[in-house]
Number of protein chains: 2
Amino acid sequence: MKKRITIKDIARMANVSHTTVSRALNNKSRIRTETKERILSIARELNYQPDFIARSLVMRRTKTLGLVITTIANPFYTELAQGIETTARGLGYNIILCSTQNDLLNEKQYIDMLRSKGVDGIIFTSAQLGDPNICALAEEGFPIILVNRRTYHPVVKERVDYVGVDNTLGGFLAVEHLVRLGHKRIGMIGGSSESSVGFERLEGGKRAFETYQIEKRDEYFVEGDFLKESGYQGARRFLKMAEPPTAIFATNDYMALGAYQAILEEGVKIPEEMALVGFNDIEFTSMKGIELTTIGQKKFEMGALAVKMLVERVEGGEMKPLGKEVLLKPELIIRRTCGFHLKGYQIDSRKRHGVNHIISEARHPK
Amino acid sequence: MKKRITIKDIARMANVSHTTVSRALNNKSRIRTETKERILSIARELNYQPDFIARSLVMRRTKTLGLVITTIANPFYTELAQGIETTARGLGYNIILCSTQNDLLNEKQYIDMLRSKGVDGIIFTSAQLGDPNICALAEEGFPIILVNRRTYHPVVKERVDYVGVDNTLGGFLAVEHLVRLGHKRIGMIGGSSESSVGFERLEGGKRAFETYQIEKRDEYFVEGDFLKESGYQGARRFLKMAEPPTAIFATNDYMALGAYQAILEEGVKIPEEMALVGFNDIEFTSMKGIELTTIGQKKFEMGALAVKMLVERVEGGEMKPLGKEVLLKPELIIRRTCGFHLKGYQIDSRKRHGVNHIISEARHPK
DNA sequence: GACCATTGTGTTATCGTTAACGCAAAAGGA
DNA sequence: TCCTTTTGCGTTAACGATAACACAATGGTC
């Protein structure tokens, strides 16, 4: 393999010291324009590529971020990751991908590896509720940010920024929609218990029950784990009841799709005999033949925002107040599986969400 | 932020030189077992984490690979990426994600960046046919591997390994299936012209025409670009013909889905009045309400294999013959959109593909 | 013209590792 | 016992960049 060209090679050719070359390349002051031009042209001629490793060693900056994700084999995370990667690139950063399969030990190992490799910060897209790894990083003050899922741990809330969708509002919108369509018996399928988002979506749903004074029945809540199968099983349980719900809100689209399948298998018609709402608006939900009503969120923008906030934190030093929370507005997307026949309704529902996002006060403004 | 612990700190505590610490940590010879134990226990106690940046600077190895992909917002690439990332991690490597949006300039910039950051090798998942960036790397001898799409450039074929599915066979299987179902008028929708896979799939289809002596009609071939919309437009063109095809083979699933939509909009029934086959078997194709007949390929395994081959190349030095080609066997997956009513047929078709993959002879065995 | 600030450049240290080399002490062989 | 080899360390030099400091040469001010 060819020998790498270093600043010393350039220095030799330009008859200057390597420091001068460094100054020229980094556009520093205290250098004559003429010398700079000469050096730069030689660099260009030799097709010089700076060695980031050497630079990182002395600067203690790598322009690289870690992205910790349960699995990218899930369109929701994929879109998020796309937003993250694209934005990072725009800011001059690269992304190291880490898929943990939701295993805390994997996560720990990835974190150690990322830190060994000197990443400037880490983005967590699927924090578990009491995640000890994240707590440790937060306590230490290492630059991280949470997207999508969060942790309610006080230290994390105090020192780590978060960006996500307003899941409580989303859950509320989903159930409100069903209520407005006249449903009184509404089944809900929860997400996995270690995730904040499932919890919040259910909370939002319950709040809608209260607002519209619908009776809350325990048997109409089943637990899920965000996977299709659990949605399938949940729906089956509902369908077998003496008095089954007339509508189901699944706290994510995969479970909604599982429910969809269970419902069809029972010969029950969607939406006539059973309404269905999901959450996330991942790609397949809009496809001909499925057309799931769901709660949409701006996944790409969410990822983009997270990167921007993290980079600002990394580059801006410690001065910024931490513990900021950005909640993006969710949007009700009405399709075939419930409410699509209602004209005008859709427009109405869109109008309500003109605001793009709310930034809550930093917890420690001082 | 806390000060980093270095081998010098350990050295001081253990009353040895830092070199000795390095020897202990790297399990080198020429060190007393006793000293080694002592050093290791101190390292553990201090929770020492090695600095990969410093190590990389001297070793010229980063244990990091670049993954160049058009976009991960496509379930096909996502599964591939998952296989790549998981396998890389198992081998002690990290992955830097680069999504080029199929733009050669982006690709070039990413490659420069990756090399500046010292990656040990690069995986290309979506090489364009005459990709100059890849040619340049191949000529220079930089360790790369192509997965999925390839280049027919002689230098690349000679010096770069490739792993992909046997697309020609896949195309053949798709069309053969339609022929066996009795179709004589079969429309094909091609992929984007800068991709090898679309081309090969069409070739396979044409070969099936020849084998079964079906008349090839020019108007039954339309170009596409692998996106849904182009499948939609292609199918519309077919449907408007005086004598439309009775079956369509789209060279990927997204286009098949676009076609699906166009067909339904015309009120034509699937599969009774129009059969449909796709390619890739991405997740949504199996979903209730879609159930697309398609050609499946082992995406995860493909990615895994690519990483293994690249790492072998990187670690094994220059001794291995290059230009190896691994072609995985595609599999016909019969679902609702054509042929599912034929009992026994499915089993028959599966039986044919017992072999897992073929490794072609290295082109330069010497 | 004397004095001080600014500019342009080189010298040397530094980041945290591994690697080459040196050298005494221990071990082995005759 | 003497010589040679091996073992167990330490010393010093890389790797390729930035940064602190030194120091002439220039420029501006009075």
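Our subject in this report is the structure included herewith. Worth saying up front: this structure is predicted, and the values here are computed from it rather than measured.

Definitions and limits used
Residues numbered from 1 in each chain as written. Chains lettered and ligands numbered in written order. Predicted model: local features only at pLDDT ≥ 70, side-chain atom pairs only at ≥ 80, totals over all residues. Heavy atoms only, no water. Buried < 20%, exposed > 50% of the residue type's maximum accessible area, 1.4 Å probe, protein only. Helix = DSSP H or I, 4+ residues; strand = E, 2+ residues; numbered from the N terminus. Pairing = 2+ DSSP bridges. Right-handed = clockwise from strand over helix to strand, strands pointing away. Least-squares fit on C-alpha atoms with pLDDT ≥ 70 in both. Contact = heavy atoms within 4.5 Å. Near = heavy atom within 4 Å. Polar contact = N/O pair within 3.5 Å; in protein donor to acceptor, adjacent residues only side chain to side chain. Nonpolar A, V, L, I, M, F, W, Y, C, P; charged D, E, K, R; others polar. Axes fitted to C-alpha atoms, helices over the stretch in contact; angles between N-to-C directions. Phe/Tyr/Trp six-rings, centres within 6.5 Å; stacked < 30°, edge-to-face > 60°. Lys NZ or Arg CZ within 6 Å of the ring centre and 35° of its normal.

**A closer look at the pairing of strand E5 (residues 161-165) of chain A**
All names here are of chain A. For E5, the buried fraction is high: five of the five residues fall into the buried class. Every second residue of E5 is oriented toward a common face, with Asp161, Val163 and Val165 on one face and Tyr162 and Gly164 on the other, all of them buried. Relative to E5, strand E4 (residues 144-147) runs parallel, the two being bridged by three bridges. Looking at E5, one finds that valine 147 is bridged to valine 163. As for the winding sense of the linkage, the β-α-β connection from E4 through helix H8 (residues 154-159) to E5 is right-handed. Of the pairings in the sheet, the one linking E5 to strand E11 (residues 325-328) comprises four bridges and is parallel in character. If you follow valine 165 over to E11, its bridge partner there is leucine 328.

**Description of the relation of the copies chain B and chain A**
Superposition of the two copies of the chain requires a rotation about an axis together with a shift along that axis. The operation relating chain B to chain A is a screw motion whose rotation component is 180 degrees, with 0.0 Å of axial translation and a residual RMSD of 0.1 Å. Taken together, the rotation and translation relating the two chain copies correspond to the operation of a two-fold axis. When you check the interface residues of chain B against chain A, 100% turn up at the interface there too, and the contact is symmetric in its surfaces.

**Describing the protein's contact with DNA strand C**
Taken together, 29 residues lie near DNA strand C, and Thr20 and Arg30 of chain A together with Ser22, Lys28 and Tyr48 of chain B sit nearest. If you look at DNA strand C and keep only atoms within 4 Å of the protein, 54% of those are sugar or phosphate atoms. Contacts to DNA strand C include asparagine 26 of chain B, whose side-chain N or O atom sits 2.9 Å from a phosphate oxygen. For the surface near DNA strand C, the secondary structure elements donating two or more residues are helix H2 (18-25) and helix H4 (52-59) of chain A together with helix H1 (7-14), helix H2 (18-25) and helix H4 (52-59) of chain B. When residues of the surface near DNA strand C are assigned to their parent elements, the largest contribution, five residues, is made by H4 of chain B. Per-class residue counts for the surface near DNA strand C are eleven nonpolar, eleven polar and seven charged.

**Things to note about the sheet that holds strand E8 (residues 247-250) of chain B**
Picture the strands of a sheet paired through backbone hydrogen bonds; they go either parallel or antiparallel. Residues and elements named next belong to chain B. If you walk across this open sheet you meet the four strands as E7-E6-E8-E9, and the pairing is parallel. The open sheet has two edge strands with one neighbour each: strand E7 (221-222) and strand E9 (275-277). Direction of pairing for strand E6 (residues 186-189) relative to E7: parallel, over a ladder of two bridges. In the strand pairing of E7, methionine 188 is matched with phenylalanine 221. Relative to the sheet, helix H11 (residues 228-239) contacts E6, E7 and E8, its axis offset from that of E6 by approximately 155 degrees. Against the sheet, helix H12 (residues 253-265) contacts E6, E8 and E9, and its axis sits at roughly 160 degrees relative to E9.

**A look at the packing of aromatic side chains**
Across all of its chains, the model carries eleven aromatic pairs over all chains by this definition. Aromatic side chains phenylalanine 76 of chain A and tyrosine 77 of chain A sit 5.2 Å apart centroid to centroid with 75 degrees between the ring planes, which places their arrangement in the edge-to-face category. Among the residues examined, tyrosine 77 of chain A registers a relative accessible area of 4% and is labelled buried. Considering the side-chain rings of phenylalanine 209 of chain B and phenylalanine 221 of chain B, the 6.3 Å spacing of their centres and the 90 degrees angle between planes classify their relative orientation as edge-to-face. You can see phenylalanine 209 of chain B sitting in helix H10 (residues 196-211) and its partner phenylalanine 221 of chain B sitting in strand E7, a full twelve residues away along the chain. Relative accessible area serves as the criterion here: at 2%, phenylalanine 209 of chain B is assigned to the buried category. Lying across the ring of phenylalanine 52 of chain B, arginine 55 of chain B places its NZ or CZ 5.2 Å from the centre. Across the ring face of tyrosine 110 of chain A, the terminal group of arginine 89 of chain B is positioned such that the distance to the ring centre comes to 4.7 Å.

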